[in-house]
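In case you want the letters, here they are:
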Amino acid sequence: MFKKVLFVFTLLVSTFSVAQNSTASPYSLGGLGDVTFRGNAINRMMGGISVYADSIHANINNPASLGELKLTTFSVGLHYRNTRLISDQTNEDVASGSLDYIAVSIPTKYFSFSFGVMPFSSVGYQLQSLDEDNEYNILNRYEGKGGVNKTFISVGAKVLKYLNLGGTINFNFGSISSDASRQEENIDFGTFLTSNSQIRGIDLQLGAHLKLPINKTLTLDAFGTYSPEHNLTSENEQTYFTRSISTQNLGTFVEVDLASQDLDKVDLTIGSKYELGVGFGQDKKWLLGAQYTAINSGNFQNDFIQLNSVSYENGSRLSVGGYFIPNYSSITDYWKRIVFRAGFRQETSGIMINNTSLEETGISFGVSLPLGGYYSAANVAGFSSLNIGFEFGKRGVNTNGLIQENYWSLRVGASLNDLWFIKRKYN
């Protein structure tokens, strides 16, 4: 069995290494870029809430929810996003798509564990400005790409009849590069500055989940998670050079001495975060939940890359959502076993551009389509599912020299179930 676990883990890392996350947003220039992971496809369809935990789906947002897991679950998700960028001068459509997460979650007799890999943040922007106030026009261009990924290991267990506890350790890795160039009219050689950062570090998440029956039909779900403040290490290098626009030949080439400025290695302080959520519902029938997330991002600072127009504040997110199943146990009517999900979220990212808070609003909805079903030796009904969801949202404002992003995204996820480490009574 452990050979099977090792094989799957190797497959996850090798697959993800060629499927990095991407974005096409000018707002990804701040912090570590766009924070891209807010849950699996099921969470995202319900506005991002993570309050619900059951025996057949892995909620990788909250490690304590693994205490409810009864079936080994392979989870994978991807998305496509189309964004219209609206400014005072022009409108432009951009598209991006990526793999969102790959995870394997496995129950044992006493606890459950999960491991996988996912993108945490993504950088992808191209900006330019034309300065016409001088004797000669000057074209400035800025470009960034890269991001930070997480490999994680989570453990969760039922410690009391209605209470689960869990924890996650995340190994962060990634690279971010940025290029700035300046080209003056009637001058063949332009100046270029290239900056590269290799980012590494570890962070932790602790979680608790309460699943309490209120009466014969209604259940209360409540959870909380806490991620302490931690540091990521950024190892940096920077080069300055000139290049001919007509022939592409290099002129001056200088490696900047960052060590003399104590910028070859800097610590990035990532603030603490906590999440609280509560939900009411009838098990395998319906759920309505709400969740609040607070992020202490106001003290973030990167001494290596300082942007005059970017500052930071504490961020927050409020999400509401839920699901409805017409008839979970229907044998004759497949359509009654489809899970319908919907949600809404409002968030403040923690990034300020030109002293304006970057805010985002989104609505989401979708369905979970059963792919099969059986009764397991653990005496729970289990089935794999294909999860398909849509999200429509708006970020930023079209004032104060900023850009408004109106977007829609398609998210597809699969949750595939099996039995490991549990002895079957019948073959």
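> Any chance you could explain the overall build of the protein here in plain terms?
When helices and strands are tallied, the protein shows 2 helices and 21 strands. Here the protein holds 427 residues, and the buried ones make up 48% of them. Long-range contacts, defined as pairs at least 24 residues apart, comprise 66% of the intrachain contacts of the protein with a sequence gap of at least 6. If you sum the accessible surface of the protein, you get close to 21100 Å²; carbon and sulfur atoms cover 57% of it.

> Would you take a moment to explain the pattern of salt bridges for this structure?
Should the charged atoms of two oppositely charged side chains come close, the side chains can pair. As enumerated under the stated definition, the model contains 18 salt bridges in all. Linked through salt bridges whose partners overlap, the residues forming this network are Arg44, Asp100, Glu275, Arg317, Arg345, Glu347, Glu360, Glu391 and Arg411.

> What should I look at first to understand the packing of aromatic side chains in this one?
To describe a pair of aromatic rings, you give the distance between the ring centres and the angle between the ring planes. A full pass over the atoms with the stated rule returns 10 aromatic pairs. Centroid distance Phe192 to Phe241: 5.2 Å. Interplanar angle 5 degrees. Geometry classified as stacked. On the criterion of sequence distance, the pair formed by Phe192 in strand 7 (residues 189–213) and Phe241 in strand 9 (residues 230–244) is long-range, its members being 49 residues apart. With respect to class, Phe192 is no different from Phe241; both count as buried.

> Please clarify how a nonpolar patch on the surface should be interpreted in this entry.
A surface patch of nonpolar side chains, about 680 Å² in accessible area, is lined by Tyr80, Val320, Phe344, Ile363, Phe365, Phe390, Phe392 and Trp408. Counting only elements with at least two residues in the nonpolar patch, the list comes to strand 17 (356–370) and strand 20 (385–395). By secondary structure assignment, the location of Val320 is in strand 15 (residues 315–324).

> Would you mind showing me how to read unusual backbone geometry here?
The phi torsion of most residues other than glycine is negative, and most of the peptide bonds are trans. Of note, Asn355 is a non-glycine position whose phi angle comes to about 65 degrees, a positive value. With a phi close to 60 degrees, Asn400 is a non-glycine residue in the positive phi region. Summarising the element assignment, Asn400 is placed in the loop between strand 20 and strand 21 (404–418).

> Just checking my understanding: could you explain the side chain of Asp54 for this structure?
If you trace the backbone, Asp54 turns up in the loop between helix 2 (41–45) and strand 2 (72–86). At 6.3 Å, Arg341 is the nearest oppositely charged side chain to Asp54, a buried residue that forms no salt bridge. Side-chain polar atoms of Asp54 contact the backbone nitrogen of Ile56, separated by 3.2 Å. A distance of 2.9 Å separates the side chain of Asp54 from the backbone nitrogen of His57, its partner in a polar contact.

> How do you make sense of the environment of Ser384 when you look at a structure like this?
Topologically, Ser384 is positioned in the loop between strand 19 (381–382) and strand 20. With 32 residues separating them in the primary sequence, Ser384 and Leu416 have C-alpha atoms 4.5 Å apart. Within the structure, the side chain of Ser384 is placed 2.9 Å from the backbone nitrogen of Asn417, a separation counted as a polar contact.

> How do you make sense of the pairing of strand 10 (residues 250–255) when you look at a structure like this?
The two faces of the sheet receive side chains in turn, since in a regular strand these alternate between them. When strand 9 meets strand 10, the two strands line up antiparallel, connected through 4 bridges. Bridge pairing in strand 10 links Tyr240 to Val254. Here strand 9 folds back onto strand 10 in antiparallel fashion, the turn holding 5 residues, of which Gln248 has a positive phi close to 65 degrees.

> What am I meant to see in the pairing of strand 12 (residues 273–282) here?
By the bridge criterion, 10 bridges tie strand 8 (residues 218–227) to strand 12 in an arrangement that is antiparallel. Looking at the pairing, Tyr226 lines up with Tyr274 of strand 12. With 10 bridges connecting them, strand 12 and strand 13 (residues 286–295) associate as antiparallel partners. Residue pairing for strand 13: Gly277 is matched across the bridge by Gln291. The hairpin formed by strand 12 and strand 13 contains 3 residues between the paired strands, and Lys284 there has a positive phi angle of roughly 60 degrees.

> What should I look at first to understand the confidence of the model for the protein in this one?
Atomic detail in the predicted coordinates should be set aside for any region of low pLDDT. Per-residue confidence for the protein gives a mean pLDDT of 86; residues scoring 70 or more make up 89%. Across residues 1–19, confidence stays below pLDDT 50; counting only partners more than four residues off in sequence or on other chains, it has 25 contacts.

> I would appreciate a short explanation of the environment of Thr356 in the present structure.
Its place among the elements puts Thr356 in strand 17. Taking the relative accessible area as the measure of exposure, Thr356 reaches 23% and is therefore partly exposed. Note: C-alpha distance between Thr356 and Leu402 (46 residues apart in sequence) is 8.9 Å. With residues near it in sequence (within four places) discarded, Thr356 still touches Ile351, Val397, Asn400 and Leu402.

> What is the right way to look at the side chain of Asn236 in this model?
Examined against the element boundaries, Asn236 turns out to sit in strand 9. Among the polar contacts made by the side chain of Asn236, one reaches the side chain of Ser197 at a distance of 2.8 Å. A polar side-chain atom of Asn236 sits 2.6 Å from a polar atom in the side chain of Ser234. Leave out the neighbours within four places in its chain, and Asn236 touches Asn196, Ser197, Leu258, Leu263, Asp264, Lys265, Val266 and Phe304.

> I tried to follow the environment of Leu69 on my own but got confused; where do I start?
Along the chain, the position of Leu69 falls in the loop between helix 2 and strand 2. By relative accessible area, which is 4% here, Leu69 ends up buried. Sequence separation between Leu69 and His57 is 12 residues, and the spatial gap between their C-alpha atoms is 7.1 Å. Leave out the neighbours within four places in its chain, and Leu69 touches Asp54, Ser55, Ile56, His57, Ala58, Ser105, Ile106, Pro107 and Ser112.

Calculation criteria
Residues numbered from 1 in each chain as written. Predicted model: local features only at pLDDT ≥ 70, side-chain atom pairs only at ≥ 80, totals over all residues. Heavy atoms only, no water. Helix = DSSP H or I, 4+ residues; strand = E, 2+ residues; numbered from the N terminus. Buried < 20%, exposed > 50% of the residue type's maximum accessible area, 1.4 Å probe, protein only. Contact = heavy atoms within 4.5 Å. Areas by Shrake-Rupley, 256 points an atom, 1.4 Å probe, with all protein chains shown as cover. Salt bridge = Lys/Arg side-chain N within 4 Å of Asp/Glu carboxyl O. Phe/Tyr/Trp six-rings, centres within 6.5 Å; stacked < 30°, edge-to-face > 60°. Patch = residues over 30% accessible without salt bridge, like charges linked within 9 Å, V, L, I, M, F, W, Y side chains within 5 Å. Lys, Arg positive; Asp, Glu negative; His and termini not counted. Polar contact = N/O pair within 3.5 Å; in protein donor to acceptor, adjacent residues only side chain to side chain. Pairing = 2+ DSSP bridges. pLDDT = per-residue confidence, 0-100.

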